[in-house]
Amino acid sequence: MPKPGELRRQYPLPLVLLIAALVLAGCAGAPPERKPPAAEPPPAARPAVEVIADAEVLAQNNRYDTAATILEELIAREGDNLEAMKLLAAVYAAMGRKRDAVSTWERIAVLDPSDPDAAYEVGISLARKKDWTALRSRMLAAETAGAADARHHLLIGEADLELGYYGEAERYLARATGMARATYLLGKLYYEQGRLAEAEAKFDEVLQKDPDNFSAHLHLGWLHFKKGNKKKALTHYTRAVGLDPEEPLARLSLAALYDELGRSGEAIKHFQTALSLRRIPRSEKKKALNSLSRLLVEGSRTQEAITVIRKGLEEFPNAGGLYFQWGEALLKEGRKTEAKDKYKKAAEDPVWREIALRRIHTIH
């Protein structure tokens, strides 16, 4: 072990002092722990007006997901921010999230019953569900709250029509001034009440504002047909078919008009097209099959007629009209015995009984 004087010779003085300090520190124990620095305060929330402005820009650039996210965060912080909720409802609608859009509008309507946009959007949702009673009550409540305008009057009038409150419907639809649908519904109301001149005036008014209104063309076609103005009826029916080629009633109406005009080739073509459409009502389909088979028989296209009839009887096995036309086709081919059998089948249908029996008695 070195002597004290030798220690200085072996180690330079500064290093000796450092070693001594370390020894003393070891004897004194570990130094106290330092406290961690205080956490920084969270950044201040952005003002709502800035968030909404950013969300509008995002939505305008089709960045709906991001817009929805920042609006949802804002509403979570400020649950009564109606402006943010309205924008969020619009963003949801643009994203195809209809249920979320409707629930947001419903929340707005609860927070502010006098908000006309919320009342209208909730009303539209009820109309889609065909909940006419709830729709009428909701819109009348909006009117009581002073929130009703032409849009709400239109919805009340439409609900009234569906519920059979025709007098009230007429009053409210008349108050929905400037709205093409209100004008159309008034025309439909007058049409169903037999007020045909008033109906025609309303449908004409609709077409002045909306020349491509399918329903107005369809109704005007029937009104002109009833008046005997077949040329105008043809114009409107043709336009209706052009606007919606898949709508069977327009196609059937055009086919029937061509039949009335003696243009059997065009009538056959349109009956055949109508029968191929999925949405054709069963009652109309049955009549169309009968008309088509009759036209084919009259045109001596008897085998085509029989093919149509057989196919029709698979769906309507008791259709006396089809059996009658089958008898006509067979009679035209000179097959009298077979024709009588078909007329007898037709006579089992009360609607065709008299004419079928009379036809049998003409066969010798």
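Here we take up the overall build of the protein. Along the protein, the regular secondary structure elements total 21 helices and 0 strands. The buried share among the 364 residues of the protein stands at 39%.

Counting 46 residues, the largest nonpolar core has F271, L292, L313 and W326 as its most contacted members. Excluding anything up to four places from it in sequence, F271 contacts L252, A255, A256, A288, S291, L292 and L295. Membership of the second largest hydrophobic core comes to 36 residues, among which are V51, M85, L87 and L88.

What follows concerns the pattern of salt bridges. Overall, the coordinates contain 31 salt bridges when judged by the stated rule. With a closest N to O distance of 3.2 Å, D117 and R151 form a salt bridge. Note that D117 is positioned in helix α7 (residues 116-128) and R151 in helix α9 (residues 150-163), a separation of 34 residues in sequence. On the basis of relative accessibility, which here comes to 30%, the residue D117 falls in the partly exposed class. Close ionic contact of K345 with E348 constitutes a salt bridge, the shortest N to O distance being 3.7 Å. For K345, a relative accessible area of 35% translates into the label partly exposed.

A separate point is the packing of aromatic side chains. Applying the stated criterion across every chain, the model contains 5 aromatic pairs. Between Y184 and F203, the aromatic rings sit 5.8 Å apart at their centres with planes inclined by 45°, giving tilted as the arrangement. In this pair, Y184 sits in helix α11 (residues 180-192) while F203 sits in helix α12 (residues 196-209), placing the two residues 19 residues apart along the sequence. Judged by its relative accessible area of 10%, Y184 falls in the buried class. Their ring planes at 75° and their centres at 5.2 Å tell us that Y191 and W222 sit as a pair that is edge-to-face. Note that Y191 is positioned in helix α11 and W222 in helix α13 (residues 214-227), a separation of 31 residues in sequence.

Here we come to unusual backbone geometry. Here the phi dihedral of K130 falls at roughly 60°; this positive angle occurs in a residue that is not glycine. Structurally, K130 is set in the loop between α7 and α8 (132-144). Even without being a glycine, S300 presents a positive backbone phi close to 65°. With respect to the secondary-structure elements, S300 resides in the loop between α17 (282-298) and α18 (302-315).

Let us look at the packing of helix α3 (residues 48-60) against helix α5 (residues 82-95). For any two helices packed against each other, the geometry comes down to the angle between their axes and how far apart the axes lie. Between α3 and α5, whose axes approach to 11 Å, the crossing angle comes to 15°. On the basis of their axis angle, the class for α3 and α5 is roughly parallel. For the pair α3 and α5, the sense of crossing is left-handed. Contact with α3, carried on its side by I52, A55, E56 and A59, involves E83, A84, L87 and V91 of α5 and no other residues of that element. Split into classes, the residues belonging to the contact of α3 with α5 amount to 6 nonpolar, no polar and 2 charged.

For helix α15 (residues 248-260), with 13 residues, the first-to-last C-alpha span of 18 Å sits near the 18 Å given by 1.5 Å per residue. Buried residues of α15: P248, A250, R251, L252, L254, A255, L257 and Y258, and no others. A distance of 2.7 Å separates the backbone nitrogen of L249 from a side-chain oxygen at the start of α15, and that oxygen is part of E247. At the C-terminal side of α15, G262 shows a positive phi close to 80°.

This part is about the side chain of S293. Relative to the helices and strands, S293 is located in helix α17. By relative accessible area, which is 0% here, S293 ends up buried. Once residues lying within four places of it in the same chain are set aside, the contact partners of S293 are A305, I309, L322 and Q325.

Topologically, H219 is positioned in helix α13. Setting aside residues no more than four positions away along its own chain, H219 makes contact with Y184, Y191 and F203.

Looking now at the confidence of the model for the protein. In the predicted model, the protein carries a mean pLDDT of 89, and the fraction of residues at 70 or more is 88%. Within the protein, the element-level pLDDT minimum falls on helix α2 (residues 13-28), averaging 40, and the maximum on helix α16 (residues 264-275), averaging 98. Scored below 50 in pLDDT, residues 1-30 makes 2 contacts in the model with residues more than four places away or belonging to other chains.

What follows is about the environment of E315. In this structure, E315 sits in helix α18. Ignoring anything within four residues of it in the chain, the contact list for E315 reads R282 and K285. A polar side-chain atom of E315 sits 3.0 Å from a polar atom in the side chain of R282.

With 14 residues, helix α14 (residues 230-243) should reach 20 Å at 1.5 Å per residue; the first-to-last C-alpha distance of 20 Å fits that figure. By the burial criterion, the buried members of α14 are A233, L234, H236, Y237, A240 and V241. Where α14 is buried, its residues meet α12, α13 and α15.

Considering the arrangement of structural elements, one finds I108 in helix α6 (residues 98-111). I108 sits 27 residues away from N81 along the chain, and the two C-alpha atoms are 9.2 Å apart. Residues within four places of I108 in sequence aside, it is in contact with L82, M85, K86, D115 and A118.

Criteria and thresholds
- Residues numbered from 1 in each chain as written.
- Predicted model: local features only at pLDDT ≥ 70, side-chain atom pairs only at ≥ 80, totals over all residues.
- Heavy atoms only, no water.
- Helix = DSSP H or I, 4+ residues; strand = E, 2+ residues; numbered from the N terminus.
- Buried < 20%, exposed > 50% of the residue type's maximum accessible area, 1.4 Å probe, protein only.
- Core = buried A, V, L, I, M, F, W, Y, C linked by side-chain atoms within 4.5 Å.
- Contact = heavy atoms within 4.5 Å.
- Salt bridge = Lys/Arg side-chain N within 4 Å of Asp/Glu carboxyl O.
- Phe/Tyr/Trp six-rings, centres within 6.5 Å; stacked < 30°, edge-to-face > 60°.
- Axes fitted to C-alpha atoms, helices over the stretch in contact; angles between N-to-C directions.
- Parallel < 35°, antiparallel > 145°, perpendicular 65-115°, else oblique.
- Left-handed = near helix turned anticlockwise from the far one by under 90°.
- Nonpolar A, V, L, I, M, F, W, Y, C, P; charged D, E, K, R; others polar.
- Expected span 1.5 Å × (residues − 1).
- Polar contact = N/O pair within 3.5 Å; in protein donor to acceptor, adjacent residues only side chain to side chain.
- pLDDT = per-residue confidence, 0-100.

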